[in-house]
Each structure stands twice: as structure tokens, then as C-alpha cells.
Amino acid sequence: MGFLWTVVELLLALILIALFGLVSAIIFEASRRRHNHAHVEAPAIFEDPNSLKQVPCPHISDPAEKYISLIIPAFNEEHRLPGALEETMNYLQQRAAKDKSFSYEVVIVDDGSTDGTKRVAFDFVRKYTVDNVRVILLGTNHGKGEAIRKGMLHSRGELLLMLDADGATKVNDLEKLESQIHAFARKESQPGDSAASNSSFRISDIPMAAFGSRAHLEEKALATRKWYRNFLMKGFHLVVLLTAGSGIRDTQCGFKMFTRAAARKLFKNIRLKRWCFDVELVFLCKWFDIKMLEISVNWSEIPGSKVNPLSIPNILWELALMSVGYRTRMWTVST
């Protein structure tokens, strides 16, 4: 009996030591990252592939020059990117032909691809001109969050839409997000309001975020997925709820729209570079009191997903860092 108690005590001691080590590691890493929202600060350079001349690079702090910017992060997407880009450009050109006030740009951020993604992207720049399609090269792989952050910081739109390179959500669904943002802006700017009476008022001036959502598809997904995938999904939702709070059911849909005012605050402060940056966006929206809308979009599963179950420990690690960093005020934000 005495031997059994010795073993139990030893196990408890090891568990306590492991927990202490984990908590210490989280606090240390959160502290190390407290000034780490600068990320990749090498200046973004746009190059015209026809003239080989560099194009002046805008910044999110500059006034908007286009109505909408579409930011597409791409990592080894030479096979899926062409179809998605063709569909996107066809939609944008058709809309511009119907509405002469509609102006747009597509910003492709190559996140250190080792295949032909860069070649595919520059083919579209040659076809549609550098004014309408631009490419940012990160050089090495930094993660989807960093790629989107870089694209957002160097876009010209009043509205900024992030969307995946696989075309899982049809590009014309942006109209659902766009119309809800405009409806809320009109509601916020009633006649007599100082913003409404200002002739220079633009939609970009109101900080808002519209999150595309697949939550309406959850019931069908639960019925067709393996039990362990449903278990992991429910577990992730619980962790997100504890970390960022309620408000958005589907944080991970890659189809999100921001006004320029919202993007300026969010993407100058975001710290997480990979999959968990979506959760940090929700957290920062609440921090800055940015209005969030969740809007159902059409979505289809595209072969070639880069989400790896082995990345789950890293996801949990980043969520823990974010929670500790912000809640202890080690991570501060700038306006």
C-alpha cells in the first residue's frame, strides 16, 4: 500500500511539474511576442511584369483609391489558383461594365510558394494590368494570417475582402456581405447625424466587419462527418468560445469583409500568423468595439485542403498565447 501511494504521489508531482512548465512556457512566449505585431516589415513591392518597373505601394493609412480590394493568400496554389482567379476576374469585370463607379483590385499574396504560384499570379497581372491585379511576394512561408495581413496593409479599397485561393466560396457572395455593411452604415448614419451631413463621408469611415459563415451547413456536416472529426470540431468551438467569447459561430470561414477603418485597426495589431489569426480578429473586433456581422455564404469543399490534424497542438498553443497575452495586458494595441 505504501508503494502504491509513492507511485501516485510521484505521478501527481510529475503532472504538477508539467503544468507549471507549460504555464511558464506560455507566459514566457506571450511576453516575448508582446512587441511582435510588426511581423514581416520588409516593404511590399508591386512590379509591372510588362515594363519591369516598380509601382508605388499604398498603405492602409492612405485614403482609399478603389471601391473594393480582394486579398487572396496563396501557398503552393498553382493548380487551384487559375480557376478561382478567372471566376473572380470575370465577376469583377462584368460588374464594372454595368456600374462605371465600381473600381476594384485583386491582391495576390504569395506566401513563399515553391511551385508555380508566382508564375500563375504574374500571368494574371500581364492579362489584367498591374492596376487591377497585384502580387506581393513574401519570399518565405510565414502563414496564412501573415499573408492576409500583408495584403490588407497594402490595399487601396474602401472595402477589403479576404478569400481563399481554392474558390470554396463563390466570389459573388461578396454582395451579401457588402449589402449588410451598407445597410448597417445607413442605419448608423441617419439624417442629421454628423457623419451623414459630411459630404466627404464614405463607407470606409465606419469600422465594421462582415464574417462569411458556414454555420447553416453544420447540421448536414455533422451527419456526414466521422465521429472523431465532429468531436474535434465541437472541442475547437468550445476553446474558441473560452478564448474570444461568443458572437461569431464560424470563425474559420476564409471569406471576410472589412471596411478600411476596421482593417486599419485590426491588421496593424494582429500578432498570430497562422490558422488562429481568425480567432484573434474576433477578439480584436470586440476590443475595438467594431461591429461584427455573421452572414451565411455558399461553400463547397475543394480537394487539396492544407489543414492538417497534426496542427491541432499548434492551434491550441496559439490560442493559449493569445488569451494570456491580451488578458494579462502583455499584448497592447495601438489605434
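These numbers were taken from a predicted model, which means no experiment stands behind them.

Conventions used here
Residues numbered from 1 in each chain as written. Predicted model: local features only at pLDDT ≥ 70, side-chain atom pairs only at ≥ 80, totals over all residues. Heavy atoms only, no water. Helix = DSSP H or I, 4+ residues; strand = E, 2+ residues; numbered from the N terminus. Polar contact = N/O pair within 3.5 Å; in protein donor to acceptor, adjacent residues only side chain to side chain. Buried < 20%, exposed > 50% of the residue type's maximum accessible area, 1.4 Å probe, protein only. Contact = heavy atoms within 4.5 Å. Salt bridge = Lys/Arg side-chain N within 4 Å of Asp/Glu carboxyl O. Pairing = 2+ DSSP bridges. Right-handed = clockwise from strand over helix to strand, strands pointing away.

### Focus: the side chain of Arg-80
By secondary structure assignment, the location of Arg-80 is in the loop between strand 3 (66-74) and helix 2 (81-98). Engagement of the side chain of Arg-80 in a polar contact is seen with the side chain of Glu-77, the distance being 3.0 Å.

### Observations concerning helix 9 (residues 260-267)
Within helix 9, 6 of the 8 residues are buried, which leaves the element mostly enclosed by the surrounding structure. Listed in full, the buried residues belonging to helix 9 are Arg-260, Ala-261, Ala-262, Ala-263, Leu-266 and Phe-267. Of the surrounding secondary structure, the elements contacted by the buried residues of helix 9 are helix 4 (144-153), strand 6 (157-162), strand 7 (208-213), strand 8 (256-259) and helix 10 (277-287).

### Some points on the pattern of salt bridges
The full count for this structure, using the stated rule, is 17 salt bridges. One salt bridge in this structure joins Asp-164 and Lys-144, with 2.8 Å as the shortest N-O distance. Of this pair, Asp-164 sits in the loop between strand 6 and helix 5 (174-188) while Lys-144 is found in helix 4, placing the two residues 20 residues apart along the sequence. With a relative accessible area of 18%, Lys-144 lands in the buried category. Salt-bridge contacts for Asp-250 lead to Arg-214; the nearest nitrogen and oxygen are separated by 2.8 Å. Placement of Asp-250 in the loop between helix 8 (227-244) and strand 8 and of Arg-214 in the loop between strand 7 and helix 7 (218-224) is noted, with a sequence separation of 36 residues between them. It is possible to trace a salt-bridge network through shared partners that takes in Lys-66, Glu-105, Asp-131 and Arg-156.

### Things to note about the pairing of strand 5 (residues 133-137)
Summarising burial for strand 5: 4 of the 5 residues are buried, a large majority. Where strand 4 (residues 104-110) meets strand 5, 5 bridges bridge the pair, whose relative direction is parallel. Residue pairing across strands places Val-107 opposite Arg-134, the latter belonging to strand 5. Crossover handedness for the path strand 4 to helix 3 (residues 117-128) to strand 5: right-handed.

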